[in-house]
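If you want the building blocks of each chain, they are given just below.
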Amino acid sequence: GTLSMNQEFLVSEKAWKMGGSKMFIEVDTKVKVKDLLQGIIVQSGNDASIALAEGISGSEETFVKEMNSLAKKIGLTDSNFTNSTGWPDKNHYTTATDLAKLAKYTIDNHFDLYQMYKIKEFTYNKIKQDNRNPLLQTFNGSDGFKTGYTKDSGYGLVGSAERKGRRLIIVLQGLESSKDRSQESLKL
């Protein structure tokens, strides 16, 4: 409750070097909280995830402890986090049920921030990237959530849509490709 969207965090070398999807932040620069959030939500920026974690908690390790504490508080019973990015680790895991609970918690408790999840594109450092959530482009009423991919879990999606006051949340995991993720999410 003490962060402002315009507050800036310094990008560490650890954040800058992080592999996988990127927001393309540069080491030793300051980035606004709002931009880091959009980099995480729209671009799946692992670099932004680490920069935000370090800025909030001082280190990614401390942030992860806080993530696990909040997870227990909100009823995630089958999840354990070892990093802020979702980077593969044998002790980093969750379930479809816990992802659905997390989505509902976000909508119910942080609806103002949830609005970022429906942003279809984000440009940072003159690099425009599209939101990977296929439902935002194809399903009337879709307003957010997140895609994911790791070698072990395959392509996944937590999606949410609302029509006529009725909200549904879906969770897909283990798909073979982003095309499969798109097709299966639209079927649901």
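Residues numbered from 1 in each chain as written. Predicted model: local features only at pLDDT ≥ 70, side-chain atom pairs only at ≥ 80, totals over all residues. Heavy atoms only, no water.

Undergrad: What am I meant to see in the overall build of the protein here?
TA: When helices and strands are tallied, the protein shows eight helices and eight strands. The C-alpha atoms of the protein give a radius of gyration of 16 Å, which matches the 16 Å a tight globule of 188 residues would have. With respect to the principal axes defined by its C-alpha atoms, the protein has extents near 45 × 40 × 35 Å. The proportion of buried residues among the 188 residues of the protein is 40%. Put simply, of all contacts in the protein between residues at least 6 apart along the chain, 46% involve residues at least 24 apart. Accessible surface, the protein: about 10800 Å² in total, of which carbon and sulfur atoms supply 51%. (Helix = DSSP H or I, 4+ residues; strand = E, 2+ residues; numbered from the N terminus. Rg over C-alpha atoms; globule rule 2.2 N^0.38 Å. Buried < 20%, exposed > 50% of the residue type's maximum accessible area, 1.4 Å probe, protein only. Contact = heavy atoms within 4.5 Å. Areas by Shrake-Rupley, 256 points an atom, 1.4 Å probe, with all protein chains shown as cover.)

Undergrad: Honestly, the pairing of strand 4 (residues 127-130) in this entry has me stumped. Any pointers?
TA: Sheet faces and side chains relate simply in a regular strand, where the side chains alternate between the two faces. Bridge count for strand 3 (residues 121-124) against strand 4 is four bridges, and the pairing is antiparallel. In the sheet register, T123 faces strand 4, and the bridge partner there is K128. If you look at the hairpin formed by strand 3 and strand 4, you'll find two residues sitting between the two strands, and N125 has a positive phi there, around 60°. (Pairing = 2+ DSSP bridges.)

Undergrad: How should I be thinking about the packing of aromatic side chains in this particular structure?
TA: Given two aromatic rings, their pairing is described by the distance between the two centres and the angle made by the two planes. As enumerated under the stated definition, the model contains six aromatic pairs in all. Ring geometry for Y114 and F145: centres 4.9 Å apart, planes at 40°, overall tilted. Here Y114 is found in helix 6 (residues 111-114), whereas its partner F145 is found in the loop between strand 5 (142-144) and strand 6 (147-150), with 31 residues between them in sequence. On the numbers, 4.3 Å between centres and 40° between planes, the contact of Y149 with Y155 is tilted. The exposure class of Y155 is partly exposed, given its relative accessible area of 22%. Three or more aromatic residues joined by ring pairs form one cluster here, namely F111, Y114, Y117 and F145. Over the face of the ring belonging to F139 we find R163, whose NZ or CZ atom lies 4.3 Å from the ring centre. (Phe/Tyr/Trp six-rings, centres within 6.5 Å; stacked < 30°, edge-to-face > 60°. Lys NZ or Arg CZ within 6 Å of the ring centre and 35° of its normal.)

Undergrad: Please explain the pattern of salt bridges as it appears in this structure.
TA: In a structure, side chains of opposite charge can pair up when their charged atoms sit close to one another. What the rule picks out here adds up to ten salt bridges. The partner of K17 in a salt bridge is E13, with the nearest N and O atoms 3.0 Å apart. In this pair, K17 and E13 are both assigned in helix 1 (residues 13-17), four residues apart and thus about one turn of the helix distant. Judged by relative accessible area, which is 55%, K17 ranks as exposed. Among the ionic pairs, E162 bridges to R167, the shortest N-O distance being 3.4 Å. You can call E162 partly exposed: its relative accessible area is 36%. Linked through salt bridges whose partners overlap, the residues forming this network are K14, E60 and E61. (Salt bridge = Lys/Arg side-chain N within 4 Å of Asp/Glu carboxyl O.)

Undergrad: What should I look at first to understand the environment of D28 in this one?
TA: One can find D28 in the loop between helix 1 and strand 2 (30-32). Classification of D28 as exposed rests on a relative accessible area of 60%. When the C-alpha positions of D28 and D130 are compared, they lie 26 Å apart, and in sequence the two are 102 residues distant. In this view, D28 contacts L10 and V11; residues no more than four positions away in its chain are not counted.

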